[in-house]
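Structural description and commentary
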Amino acid sequence: MEEKGKKLKTMNIVGLGLGGAIGTGIFLLLGYGIAYTGRSIVLVCAVGCFFMLLAYWYQFAIPTMFVLEGGDYSMKTMLFSPLLSGIGAWFTVVGGFAFSGYAIGITDYLGVVIPEIKNYSMICSLVIITLVFAASYRGSRFITILENLVTVLLMVALALFILFGIAKVDAGNFFSSTYDGGFFREGFGGFVAAIAVMGWACQGTTMAPISMAAVTEKPKRTLPKAIVIITILLAVIYALMAYVASGVLPHEQVAGANISVTAEAILPKGLYLFFVIGGGVGALASSMLGGIGMMRYPMIQVAEDGWLPAVFKKTTKSGYPYVSYLMFYLISIFPIVTGMGLDSVVSLVMIPTMLMNMYMNFVCITLPKKYPKQWEKVSFKMPVWLWNVCCILGVFCAGVVCYNLFAELSLTDSIVCVILVAALVGLSALRLKQGAVSKEALEANKKAVIEQAIADDIN
């Protein structure tokens, strides 16, 4: 925490945001991106960070007009109707699919060090996710220290991967149209598909910064500026990693594989083990622990608002929402026990998110007219027409990710995805019709968030 009375400045936010943005996705998904587009994965990573910034346009745009202490939660509260609030709440619940992805990823990396684990990958993934949920029962004060330590280890691991790998890339042939299948291996369609599947890794440039509005100096100026800087730095780091991952070994060896395959080829044995355990496993485990800890408040809030039946409000004496977490656990292990691949898990998480983003980006068009005083003081000055173009581009980018992820799903997974989204919409409508959720309370909360945002606008 910062010292009393001091506010976070641009570089504080950049450090926080970059640490949060560089995470598990690049360890898990780079090989899948290479499978779709070959060595042009370098461009995917460079372009993808800005593409995903547009897909999350509302998280960049709204902070230029308002100071919202609640971050993404407050933004959605401002712009959602009661039905959409329910859909958003249910999307929070099914976000547990992401945790299965982490468990599958940890098993993948452990299998590199202990090959026998590959024969029991499902059991290993279930054990990992069960242990992490069990650890969440009492919580741990050292999680914050662990997060900071893992971030340092992660940055060191990535630096080693890049520094040792660049010299081993055949730079003269890298951009050749004939070498190892050529650039744009699967054409433009493969390039776009790679952007979609890499979306999980390339997102995150906005999420940490917008949550810090309350403790940021001149947030309407600082947050957007920091987000742009984070996006540029992330694009450079990921492009360098993609250059190494796709340029050292033949395509057949790295396509669909995690980047430990390349790491083994370029790093000495000791550093390679550090990369796998300290970088891969450490980052994934940290994301699981931190993510499950952060889900406690949203899960309680979803139950308190009435979207879940009353039984889900039950907690232990220490406040642990055991019924909600049991449901969250069952959702988390569903992809594992059904044998879903990591790419399918990512799709089940990202598709609902991108559908929400499409709506949020589109509704941003109404903000200049709806809040003219805030528009006059917007920190990133631009004509209304350009603002509208960015909003539409945001809808388009989120839509491209959503469509391509859905198109790459198997028939079974596609049916699961459609049923899932339809069920969440139906459940939201049902709870409102039953009167379990008060529309008046939702509207009152929305009004309070807007009033607070305007009151905090002192820039």
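Residues numbered from 1 in each chain as written. Predicted model: local features only at pLDDT ≥ 70, side-chain atom pairs only at ≥ 80, totals over all residues. Heavy atoms only, no water.

Okay, the packing of aromatic side chains next. All chains considered together, the criterion is met by 17 aromatic pairs. Between Phe27 and Phe275 the ring centres are 5.6 Å apart and the planes differ by 40 degrees, which places this aromatic pair in the tilted class. With Phe27 in helix α2 (residues 24-37) and Phe275 in helix α17 (residues 269-294), the pair connects residues that are 248 residues apart, well separated along the chain. (Phe/Tyr/Trp six-rings, centres within 6.5 Å; stacked < 30°, edge-to-face > 60°. Helix = DSSP H or I, 4+ residues; strand = E, 2+ residues; numbered from the N terminus.)

Scanning all chains against the criterion turns up five cavities of 30 Å³ or more. Reported here for the largest cavity is a volume of approximately 90 Å³. Lining the largest cavity, in full, are Tyr36, Ala193, Ala196, Val197, Asp343, Ser344, Ser347, Asn404, Leu405, Glu408 and Leu409. Among the elements of the structure, α11 (187-197), α20 (342-363) and α23 (384-407) are those that each provide at least two residues to the lining of the largest cavity. In the lining of the largest cavity, the residues fall into six nonpolar, three polar and two charged. The volume enclosed by the second largest cavity comes to roughly 50 Å³. (1 Å grid on protein atoms, 1.4 Å probe; cavity = no way out; pocket = protein on both sides within 12 Å on 5 of 7 lines; lining within 4 Å. Points joined across faces, edges and corners; volume = space filled by probe spheres on them. Nonpolar A, V, L, I, M, F, W, Y, C, P; charged D, E, K, R; others polar.)

Below, the discussion takes up a nonpolar patch on the surface. On the surface, a cluster of nonpolar side chains totalling about 440 Å² of accessible area is made up of Phe50, Ile166, Val228, Ile232, Val236 and Leu240. Among the elements that line the nonpolar patch, the one with the most residues is helix α14 (residues 219-247), at four residues. Looking at where Val236 falls in the secondary structure, it is placed in helix α14. Take Val236: its relative accessible area is 47%, and that puts it in the partly exposed class. (Patch = residues over 30% accessible without salt bridge, like charges linked within 9 Å, V, L, I, M, F, W, Y side chains within 5 Å. Areas by Shrake-Rupley, 256 points an atom, 1.4 Å probe, with all protein chains shown as cover. Salt bridge = Lys/Arg side-chain N within 4 Å of Asp/Glu carboxyl O. Buried < 20%, exposed > 50% of the residue type's maximum accessible area, 1.4 Å probe, protein only.)

It is worth spelling out the nonpolar core at this point. Membership of the largest hydrophobic core comes to 161 residues, with the highest contact counts inside it found for Leu30, Met198 and Tyr238. If you tally residues by element for this core, the top one is α14, at 14 residues. When sequence neighbours within four positions are dropped, the list of residues in contact with Met198 reads Ile26, Leu29, Leu30, Gly33, Ile41, Val44 and Cys45. (Core = buried A, V, L, I, M, F, W, Y, C linked by side-chain atoms within 4.5 Å. Contact = heavy atoms within 4.5 Å.)

With that out of the way, let us pick up the packing of helix α8 (residues 121-135) against helix α19 (residues 322-337). The interhelical angle for the contact between α8 and α19, taken along N-to-C directions, is 165 degrees, at an axis separation of 10 Å. It follows from the interaxial angle that α8 and α19 lie roughly antiparallel. You can see that α8 and α19 cross each other, and the crossing is right-handed. Taken together, the residues of α19 that come into contact with α8 (itself represented by Met122, Ser125, Leu126, Ile129, Thr130 and Phe133) are Tyr325, Phe328, Tyr329, Ser332, Ile333, Ile336 and Val337. (Axes fitted to C-alpha atoms, helices over the stretch in contact; angles between N-to-C directions. Parallel < 35°, antiparallel > 145°, perpendicular 65-115°, else oblique. Left-handed = near helix turned anticlockwise from the far one by under 90°.)

Glancing now at the side chain of Thr262. As for its placement among the helices and strands, Thr262 is situated in helix α16 (residues 260-266). For Thr262, a relative accessible area of 1% puts it in the buried group. If we ignore the near neighbours within four places in the chain, the residues touching Thr262 are Phe161, Val244, Ala245, Val248, Leu249 and Val254.

Right, let's get into the side chain of Ser246. Checked against the element boundaries, Ser246 lands in helix α14. Looking at Ser246, the relative accessible area reads 4%, which means it is buried. Within the local environment of Ser246, its side chain forms a polar contact with the backbone oxygen of Ala242, the two atoms lying 2.7 Å apart. Setting aside residues no more than four positions away along its own chain, Ser246 makes contact with Ile34, Gly38, Arg39, Ile41, Val42 and Phe174. (Polar contact = N/O pair within 3.5 Å; in protein donor to acceptor, adjacent residues only side chain to side chain.)

Moving on, we come to the packing of helix α3 (residues 41-55) against α11. At a minimum axis separation of 9 Å, α3 and α11 run at an interaxial angle of 55 degrees. Here α3 lies oblique to α11, going by the angle between them. In terms of crossing hand, the pair formed by α3 and α11 is right-handed. From α3, Leu43, Val44, Val47 and Phe51 reach across to α11, where they touch Phe191, Ala194 and Ile195. The residue makeup of the contact of α3 with α11, split by class, is seven nonpolar, no polar and no charged.

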